[in-house]
Amino acid sequence: MGSKEQQNCPSQRKIAVFIVLAFIPFALFHLCFNNPFSATGDTTLQDSAAHVVLTSYSSSSSQEEESQEESLCDYTKGKWVRDEMGPLYNGSSCGTIKDGQNCLRHGRPDSGYLYWKWKPNQCDIPRFDANRFLDLMRDKHLAFVGDSMARNQLESLICLLSTVSPPDLVYRNGEDNKFRKWRFESHNVTVSVYWSPFLVAGLEKSGNLDHNVLHLDRVDERWGNDLERFDTVVVSVGHWFLHPAVYYESGSVLGCHSCEASNCTEIGFFDVFRKAIRTTLKAVARNRRHVILTTFSPSHFEGRPWDSLGACNMTEPYGEGKVLEGLDLEMRRIEMEEVTAAKAVTEVRLEALDVTEISVLRPDGHPGPYMYEFPFKNGVPERVHNDCLHWCLPGPVDTWNEIMMEMLRRWRV
């Protein structure tokens, strides 16, 4: 009998061990989810924190991938393609369009120039979404500062935004509405424009002054004094630097451009243009404002006199083969170099809205003789005034604001 019990003991011990091992996972499971030493609130906090970490990591990873994808897309390289959707507004639906740029209302007979969109080689630019733009700029002040090209872009934006929210003009001053401010009450957004053709301080030529005067070491007070009120500044200048001018720095004459009658050294305008851009970017960065520099906008007189019949009379964009050269190339190069240099020494958001290359392909987008109402109603004259510099509204300049919206979206302003 004792021998039989000894033979059964190992079997019983094996059964007991098996039962214990089988019970352990259930015990551990119970302890993990019914821990009497952990408060319910602590468990919730730990679980929530874990989700925050995961979400933050996932979101960061997604944003990094998105940023990498966008950084690979050079929107300046592409072509204009047909777009049957056409513009979001017209010369009748938007009351902000300057008369000289309301091409269809002034009798321009063709409308094909309205049915093109810019298609980058590596990505797509979404159609302008006015609600989204206003959401991005909610409770913000966006200011356009510069010459008539800044005003051209500004009026395009106001027209685009007015398709969903009526703008309220709350301020107007200066000849030809050079200083204006609108409010979009739906989103508490302010959009303003400041006339400043040099960005830096200066005097424009007038009846008693046959040249411009620029002070290259300080910004124009007309917008500089309001800088703290802005959240984002869009600056755009260039063409006024081509005019005769005398330049000052630190109170002394630096030189001049096309100054045959002046007793100072001819120094041209490229270096002066660079100094003006540099002074402006430093001032904006110093005040911790975000800044977008819209690059030089090309004209399309194509070597013809401004009053010659047939200047900028094309009806379609240029295709492949048209490249930047001469003045357009140099002015853009200066701006891009100065933006790059400024970004290296500041933490504020600062980007170039590089429109020069895409705009040089649109000789069809200017008012031409339709800067005036029905210029050929009395026949075809030998000479006619042409605007081959500014852009029809609606027109190619609307694309600038589509690109700018994507910049603001990435900034998450």
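In the block above lies the structure referred to throughout.
What counts, and where the lines are drawn
- Residues numbered from 1 in each chain as written.
- Predicted model: local features only at pLDDT ≥ 70, side-chain atom pairs only at ≥ 80, totals over all residues.
- Heavy atoms only, no water.
- Helix = DSSP H or I, 4+ residues; strand = E, 2+ residues; numbered from the N terminus.
- Buried < 20%, exposed > 50% of the residue type's maximum accessible area, 1.4 Å probe, protein only.
- Contact = heavy atoms within 4.5 Å.
- Expected span 1.5 Å × (residues − 1).
- Axes fitted to C-alpha atoms, helices over the stretch in contact; angles between N-to-C directions.
- Parallel < 35°, antiparallel > 145°, perpendicular 65-115°, else oblique.
- Nonpolar A, V, L, I, M, F, W, Y, C, P; charged D, E, K, R; others polar.

Participant: Is there a simple way to explain the environment of Trp 223 in this structure?
Facilitator: For Trp 223, the location among the structural elements is in helix 5 (residues 221–224). The exposure class of Trp 223 is buried, given its relative accessible area of 0%. In the structure, Trp 223 is positioned 27 residues away from Ser 196 in sequence and 7.7 Å away in space, judged by C-alpha atoms. Not counting residues up to four positions away in its chain, the partners in contact with Trp 223 are Val 145, Tyr 194, Ser 196, Leu 199, Phe 230, Thr 280 and Val 284.

Participant: Where do I start with helix 9 (residues 397–411) in this structure?
Facilitator: Since the α-helix packs 3.6 residues into each turn, any two residues three or four apart lie on the same face. Taking 1.5 Å of rise per residue, 15 residues should cover 21 Å, and helix 9 covers 22 Å from first to last C-alpha, within 8% of that figure. Counting buried residues in helix 9 gives 14 out of 15 residues, a clear majority hidden from the surface. Directly after helix 9, the chain includes Arg 412, whose backbone phi takes a positive value near 55°.

Participant: Would you take a moment to explain the packing of helix 4 (residues 148–161) against helix 9 for this structure?
Facilitator: Packed helix pairs are specified by the crossing angle of their axes together with the interaxial distance, meaning the distance between the axes. Two elements in contact, helix 4 and helix 9, have axes separated by 9 Å at closest approach and are oriented at 75°. Accordingly, the angle class assigned to the pair helix 4 and helix 9 is roughly perpendicular. On helix 9, the residues touching Met 149, Asn 152, Gln 153, Ser 156, Leu 157 and Leu 160 of helix 4 are Val 397, Asp 398, Trp 400, Asn 401 and Met 404. Split into classes, the residues belonging to the contact of helix 4 with helix 9 amount to 6 nonpolar, 4 polar and 1 charged.

Keep in mind these numbers describe shape, not what the thing actually does.
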